[in-house]
Amino acid sequence: MYLMVENIRVERETDPPEWKTCRETFRMELSFPVHAEEPFALLLFTMVTKFCSGHAPHFPMKKVLLLLWKVLLFTLGGFEALQAMKVRRREELGLPPLPEDSIQPLMKQDSLDIYNERDPFKNDEGGVDEEENDDVDGGIEGELDLMERDAIIPAMPAQRLPIERVSFPKGLPWAPKVRQKDIEHFLEASRNKFIGFTLGQDTETLIGLPRPIHESVKTLKQHKYVSISDVQIKNEEELEKCPMSLGEEEVQETPCEVLYRAMLYNLPQYMIALLKILLAAAPTSKAKTDSINILADVLPEEMPITVLQSMKLGIDVNRHKEIIVKSISALLLLLLKHFKLNHIYQFEYVSQHLVFANCIPLILKFFNQNIMSYITAKNSISVLDYPHCTVCDLPELTAESLEAGDNNQFCWRNLFSCINLLRILNKLTKWKHSRTMMLVVFKSAPILKRALKVKQAMMQLYVLKLLKIQTKYLGRQWRKSNMKTMSAIYQKVRHRMNDDWAYGNDIDARPWDFQAEECTLRANIEAFNSRRYDKPQDSEFAPVDNCLQSVLGQRLELPEDFHYSYELWLEREVFSQPIRWEELLRCQ
């Protein structure tokens, strides 16, 4: 089934029209319930939960997760389709077009520090100004070991470097962004300072403020970015405030909406099950008696007796775990991105349950290893890979050939998994101060700095983003000792005007607001789910029949044995109860 979905999913320019029609039909059948059944992806999610609960330990979980990932990729769409949907949705909402695709500039780079200009004032023998304790790398410009340099550098084509260096534009490829909230905070502080009172959310009235403040507000408004999420939150507030006058919300029946509605009531169990399997497959996790067995479909009935069999089994087990991590990280990121585009509170609901299931410490535990060894691991036997093993003659395997491995300098599977997990961590913690504090509490800074050793542009960028959001909480001494990392953040990460990330004076970062922030978010999510997906029959807004004749004339469904006890019921409920007629004459 995996091969069938993958082959149908991939589009080619030479596809005939009949094949394109069949592909769309197949996509519709997988996306929407057929014959009042559940979507196919929900069936696979249910298989995952049954496997984790112990009801079906025989399920081949690696194949189930791979199929689930490809089904979601096919039915919901990949990142290119997601970007196109995002552009189309912004047009529908009347929002200005996106300034750029945030991922596209990274495709042209191998590493963020390839284009760093050498500092002429820095001598070669200068002292290290960053702390090097616990084998922590010295920031983004830190030197690699000789072995790591040999493993990484040859993968980059040498002849292209001068061309890219010359053609790469000065400055960041991303335009700075400003939220409406940032403009309001700036004006509130300015009015308090120069006038002595504030005007709430009014961002137009600038009377009494000096000329430089006018110029600052003009610059902020030029870079103001209104996201789809902001519009959705505002619409949701209006629907909660005026449910009668605004009427029913028109919900477009997209594959993402159908999937969320089907997953809604068991979504916490699905997230917990995925994270349990991810924990069991992580290279840093130790075998425990209560952990789930994910190796049931890879371990042979008879244990190996020769060195060659043992090496082959060891490679197979590690490859098995790597594929599981890859599929879970990819499908979680895909779900988060699609739910965020469909509705922000769907994304927040999934995010909260991931956070409640300890997803943040789990990802940090995953990165708390020798990440360079993980990225350059060679847990594959190329001659046994599909389709090579089916179309070519298999050579004789020896212990030496297995130990040598293939010629690839990277394990792209593991690099893909690491980038996905970093992006998930960014999605969970962005603009959430309570979750950012979890990164600080779990001492993520040295773990993330070690990940900067991997010289890959996208991975470095998301590591720097995670370091940026927590620098304000790490203290002055940490910032002083890690100036290379601070400089790299300033040089490589998108600027947010008025974002006081380097000093910790942010008025949103008050520690006593953390609990209230999560509680408010949870209340908003519950209100959204209740309004859109709970349709009670006896709603307080439902029309009421006040006519005595029609109420008495309604036929009521009575139990079959009611006529046997009818006389007893009359005696107990009617005749034995005294009637106080004087109560009718009293005025309340």
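Higher on the page you've got the structure.
Residues numbered from 1 in each chain as written. Predicted model: local features only at pLDDT ≥ 70, side-chain atom pairs only at ≥ 80, totals over all residues. Heavy atoms only, no water.

J.: It is not clear to me how the overall build of the protein should be interpreted in this structure. Could you clarify?
T.: When helices and strands are tallied, the protein shows 29 helices and 0 strands. Buried positions account for 42% of the 588 residues belonging to the protein. Look at the contacts in the protein between residues 6 or more apart in sequence, and 78% of them connect residues 24 or more apart. With the model as given, the accessible surface of the protein reaches about 34,900 Å², and the carbon-plus-sulfur share is 55%. (Helix = DSSP H or I, 4+ residues; strand = E, 2+ residues; numbered from the N terminus. Buried < 20%, exposed > 50% of the residue type's maximum accessible area, 1.4 Å probe, protein only. Contact = heavy atoms within 4.5 Å. Areas by Shrake-Rupley, 256 points an atom, 1.4 Å probe, with all protein chains shown as cover.)

J.: What am I meant to see in the environment of Glu184 here?
T.: Within the secondary structure layout, Glu184 lies in helix H9 (residues 180-194). When neighbours within four sequence positions are excluded, Glu184 is seen to be in contact with Gln201 and Thr203.

J.: Is there a simple way to think about the packing of aromatic side chains in this case?
T.: Using the criterion set out here, one finds 11 aromatic pairs in the structure. Both rings, one in Phe26 and one in Phe74, keep their centres 5.7 Å apart while their planes meet at 35°; by these two values the pair is tilted. A residue pair is termed long-range when its members are at least 10 positions apart, and Phe26 in helix H2 (residues 17-31) and Phe74 in helix H4 (residues 61-76) qualify at 48 residues. Just as Phe26 is buried, Phe74 falls in that class too. Ring geometry for Phe528 versus Tyr533: centroids 5.9 Å apart, planes at 85°, classification edge-to-face. Residue class for Tyr533 comes out buried when judged on its relative accessible area of 11%. Each residue in the set Tyr260, Phe339, Tyr345, Tyr349, Phe528 and Tyr533 is aromatic and connected to the rest through ring pairs, giving one cluster. Its end group placed over the ring of Phe416, Lys326 keeps NZ or CZ at 5.6 Å from the ring centre. Of note, Arg423 hangs over the ring of Phe79, and the distance from its end group to the ring centre comes to 5.1 Å. (Phe/Tyr/Trp six-rings, centres within 6.5 Å; stacked < 30°, edge-to-face > 60°. Lys NZ or Arg CZ within 6 Å of the ring centre and 35° of its normal.)

J.: Honestly, the nonpolar core in this entry has me stumped. Any pointers?
T.: The tendency in soluble globular proteins is for nonpolar side chains to be buried as a group. In this structure, Leu72, Met271, Ile277, Phe367 and Met459 are the most contacted members of the largest nonpolar core, which totals 117 residues. Among all residues touching Met271, those that are not within four sequence positions of it are Met263, Leu332, Leu335, Val350, His353 and Leu354. Counting residues in hydrophobic clusters, the runner-up holds 9 residues, among them Val178, Leu187, Leu206 and Leu220. (Core = buried A, V, L, I, M, F, W, Y, C linked by side-chain atoms within 4.5 Å.)

J.: In this structure, what is going on with unusual backbone geometry? I would like to understand it.
T.: Excluding glycine, residues mostly have negative phi values, and the peptide bonds linking residues are mostly trans. If you check the backbone angles, Asn358 has positive phi at about 65° while not being a glycine. Along the chain, the position of Asn358 falls in the loop between helix H16 (344-356) and helix H17 (359-367). Among the residues examined, Asn358 registers a relative accessible area of 45% and is labelled partly exposed. One non-glycine residue, Asn498, lies in positive phi territory at about 70°.

J.: So what exactly am I meant to see when it comes to empty space enclosed by the protein here?
T.: Rolled over the atoms, a probe with the dimensions of a water molecule shows which regions are left empty. Counted under the stated rule, the structure contains 1 cavity of 30 Å³ or more. In this model, the largest cavity occupies a volume close to 60 Å³. Taken together, Leu30, Ser31, Pro39, Ala41, Leu72, Thr75, Leu76, Pro255 and Leu259 form the lining of the largest cavity. Mapped onto the lining of the largest cavity, the elements with two or more residues apiece are H2, H4 and helix H13 (255-263). For the lining of the largest cavity, the element with the most residues is H4, which contributes 3 residues. Across the lining of the largest cavity, the residue classes tally to 7 nonpolar, 2 polar and no charged. (1 Å grid on protein atoms, 1.4 Å probe; cavity = no way out; pocket = protein on both sides within 12 Å on 5 of 7 lines; lining within 4 Å. Points joined across faces, edges and corners; volume = space filled by probe spheres on them. Nonpolar A, V, L, I, M, F, W, Y, C, P; charged D, E, K, R; others polar.)

J.: I'm lost on a nonpolar patch on the surface in this one. Help?
T.: A surface patch of nonpolar side chains, about 350 Å² in accessible area, is lined by Phe194, Ile195, Phe197 and Leu199. Summarising the element assignment, Phe197 is placed in the loop between H9 and helix H10 (211-222). (Patch = residues over 30% accessible without salt bridge, like charges linked within 9 Å, V, L, I, M, F, W, Y side chains within 5 Å. Salt bridge = Lys/Arg side-chain N within 4 Å of Asp/Glu carboxyl O.)

J.: How should I be thinking about the state of the cysteines in this particular structure?
T.: By definition, a disulfide links the sulfur atoms of two cysteine residues through a covalent bond. This model, assessed by the stated rule, comprises 0 disulfides. Between Cys411, a free cysteine, and Cys418, which holds the nearest cysteine sulfur, the sulfur-to-sulfur gap is 9.3 Å. The class for Cys411 is buried, based on a relative accessible area of 8%. (Disulfide = S-S within 2.5 Å.)

J.: Which parts of the structure should I look at to understand the pattern of salt bridges?
T.: Scanning the model with the defined rule gives 19 salt bridges in all. For the salt bridge of Glu11 with Arg27, the shortest nitrogen-to-oxygen distance reads 3.8 Å. In this pair, Glu11 is assigned in the loop between helix H1 (2-9) and H2 and Arg27 in helix H2, connecting sequence segments 16 residues apart. By relative accessible area, which is 55% here, Glu11 ends up exposed. Salt bridges sharing partners connect three or more residues here, namely Glu236, Glu249, Glu257, Arg531 and Arg532.

J.: For this particular structure, what's the right way to read helix H5 (residues 79-92)?
T.: At 3.6 residues per turn, the α-helix brings residues three or four places apart onto the same side. The end-to-end C-alpha distance of H5, which contains 14 residues, comes to 20 Å, matching closely the 20 Å that a straight helix rising 1.5 Å per residue would cover. In this fold, the buried residues of H5 make contact with helix H11 (228-241) and helix H15 (307-342). Once H5 finishes, Gly94 follows within two positions and takes phi at roughly 75°, a positive value. (Expected span 1.5 Å × (residues − 1).)

J.: Just checking my understanding: could you explain the side chain of Asn414 for this structure?
T.: Among the structural elements, Asn414 can be located in helix H21 (residues 412-429). Given a relative accessible area of 0%, Asn414 falls into the buried group. With residues up to four places along the chain from it excluded, the contact list for Asn414 reads Glu322, Tyr374, Ile375 and Ala377.

J.: What is the right way to read the packing of H13 against helix H27 (residues 514-533) from this model?
T.: How two helices sit against one another is set out by the angle between their axes and by the gap between those axes. At a closest axis distance of 12 Å, the pairing of H13 and H27 adopts a crossing angle of 105°. Here H13 is positioned roughly perpendicular relative to H27, judged by the angle of their axes. Of H27, the residues touching H13 (which contributes Glu257, Tyr260 and Arg261) are Asn529, Arg532 and Tyr533. When grouped by side-chain class, the residues that make up the contact of H13 with H27 number 2 nonpolar, 1 polar and 3 charged. (Axes fitted to C-alpha atoms, helices over the stretch in contact; angles between N-to-C directions. Parallel < 35°, antiparallel > 145°, perpendicular 65-115°, else oblique.)

J.: Would you mind showing me how to read helix H3 (residues 40-53) here?
T.: Compared with the 20 Å implied by 1.5 Å per residue over 14 residues, the 20 Å span of H3 between its first and last C-alpha is a close match. Taken together, the buried positions of H3 are Phe40, Ala41, Leu42, Leu44, Phe45, Val48, Thr49, Phe51 and Cys52. Residues of H3 that are buried in the fold lie against H2, H4, H13, helix H14 (267-281) and H15. Of the residues trailing H3, Gly54 is marked for its positive phi of about 90°.

J.: How should I be thinking about the side chain of Ser327 in this particular structure?
T.: As for its placement among the helices and strands, Ser327 is situated in helix H15. Residue classification places Ser327 among the buried positions, given a relative accessible area of 0%. A polar side-chain atom of Ser327 sits 2.9 Å from the main-chain carbonyl oxygen of Ile324. Every residue in contact with Ser327, bar those within four places of it in the chain, is listed here: Leu65, Leu66 and Trp69. (Polar contact = N/O pair within 3.5 Å; in protein donor to acceptor, adjacent residues only side chain to side chain.)

J.: How should the packing of H1 against H4 be read in this particular structure?
T.: In the contact formed by H1 and H4, the axes pass within 9 Å of each other and the chain directions differ by 25°. Looking at the two axes, H1 sits roughly parallel to H4. Note on packing geometry: the crossing formed by H1 with H4 is left-handed. Of the residues in H4, those touching H1 at Tyr2, Val5, Glu6, Ile8 and Arg9 are Leu66, Leu67, Lys70, Val71, Leu73 and Phe74. (Left-handed = near helix turned anticlockwise from the far one by under 90°.)

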